[in-house]
Structures are given as structure tokens and as C-alpha cells.
Amino acid sequence: MEAFVELVCPDCEKHWEATPSELPDPGESFDCPDCEARHPLSEYARTNTDLEVIRDAAE
């Protein structure tokens, strides 16, 4: 069973969960599904723990 990470858009503050294996690498650009803002995925991680899980999944 895979964990979920919490993501928050830095622009519109939309909050959602995602499966880390379905996300790009933390440094890659990522589009908010709500407002379509584009930032590196690492900027969407809600907490440092979420960012660590995303980084681990990218390895």
C-alpha cells in the first residue's frame, strides 16, 4: 500500500492528496489542477515530510 502526500497550491491554496509515484520529480514543473499555476513540484508539498516522501518516490 502506497502512502499519499498532501499538496497545496502556492497561488490558489487548493489542497489535495496524491500518490507520490504518480507525480514528477520534485524539481520538475507541475501545474495546479485548479488554477493551472506552474511551479516546481517541491513548492506544492504541504510539509517537509510530504516533500521527503516525494523525493524518496523519485529515487
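Whatever comes next refers back to the structure up there.
The rules we used
- For every chain, the first residue of the written sequence is number 1, and numbering continues from 1 along that sequence.
- Confidence filtering applies because this is a predicted model: local features only for residues at pLDDT of at least 70, side-chain atom pairs given and counted only at 80 or more, and all residues used for totals across whole chains, interfaces and linings.
- Processing note: side-chain calculations cover all non-hydrogen atoms of the structure and skip hydrogens and water entirely.
- In this scheme, a residue with accessible area under 20% of its type's maximum is buried, one over 50% is exposed, and one in between is partly exposed, where area comes from a 1.4 Å probe on protein chains only.
- Under the scheme used here, helices are H or I runs from DSSP no shorter than 4 residues and strands are E runs no shorter than 2 residues, and both carry numbers assigned from the N terminus.
- Taking the helix axis as origin, the arc is that swept by the directions to the C-beta atoms.
- We call two residues contacting when some pair of their heavy atoms lies within 4.5 Å.
- Definition used in this section: a nonpolar core is a set of buried Ala, Val, Leu, Ile, Met, Phe, Trp, Tyr and Cys residues joined via side-chain atoms within 4.5 Å.
- Ring geometry is summarised as follows: Phe, Tyr and Trp rings, the Trp one being its six-membered ring, pair when their centres sit within 6.5 Å, and such pairs are stacked at plane angles under 30 degrees, edge-to-face over 60 and tilted between the two.

Caption draft 1: Representation of helix α1 (residues 48-58) in the model. Listing the buried residues of α1 in full gives Asp50, Leu51 and Ile54. Along the long axis of α1, the arc covered by the buried residues comes to 100°, so they all point the same way. Facing away from the buried surface of α1 by more than 90 degrees, the exposed residues are Asn48, Thr49 and Asp56. Residues of α1 that are buried in the fold lie against β1 (5-8).

Caption draft 2: The nonpolar core, seen in detail. With 14 residues, the main nonpolar core has Leu7, Trp16, Leu23, Leu41, Tyr44 and Ile54 as its most contacted residues. At the level of secondary structure, the elements contributing two or more residues to this core comprise β1, β2 (15-18) and α1. Among all residues touching Trp16, those that are not within four sequence positions of it are Val5, Glu6, Leu7, Val8, Cys9, Phe30, Cys32, Pro33 and Tyr44.

Caption draft 3: Fine view of the packing of aromatic side chains. What the rule picks out here adds up to three aromatic pairs. Taking 6.1 Å as the distance between ring centres and 65° as the angle between the ring planes, the aromatic pair formed by Trp16 and Tyr44 counts as edge-to-face. Here Tyr44 lies in the loop between β4 (38-40) and α1 and Trp16 lies in strand β2, a separation of 28 residues in the sequence. What makes Trp16 buried here is its relative accessible area of 14%. On the basis of relative accessibility, which here comes to 0%, the residue Tyr44 falls in the buried class. With a centroid separation of 5.2 Å and an interplanar angle of 80°, the aromatic rings of Phe30 and Tyr44 are classed as edge-to-face. Of the two residues, Phe30 sits in strand β3 (residues 29-31) while Tyr44 sits in the loop between β4 and α1, which places them 14 residues apart along the sequence. One aromatic cluster is present, formed by Trp16, Phe30 and Tyr44 through successive ring pairs.

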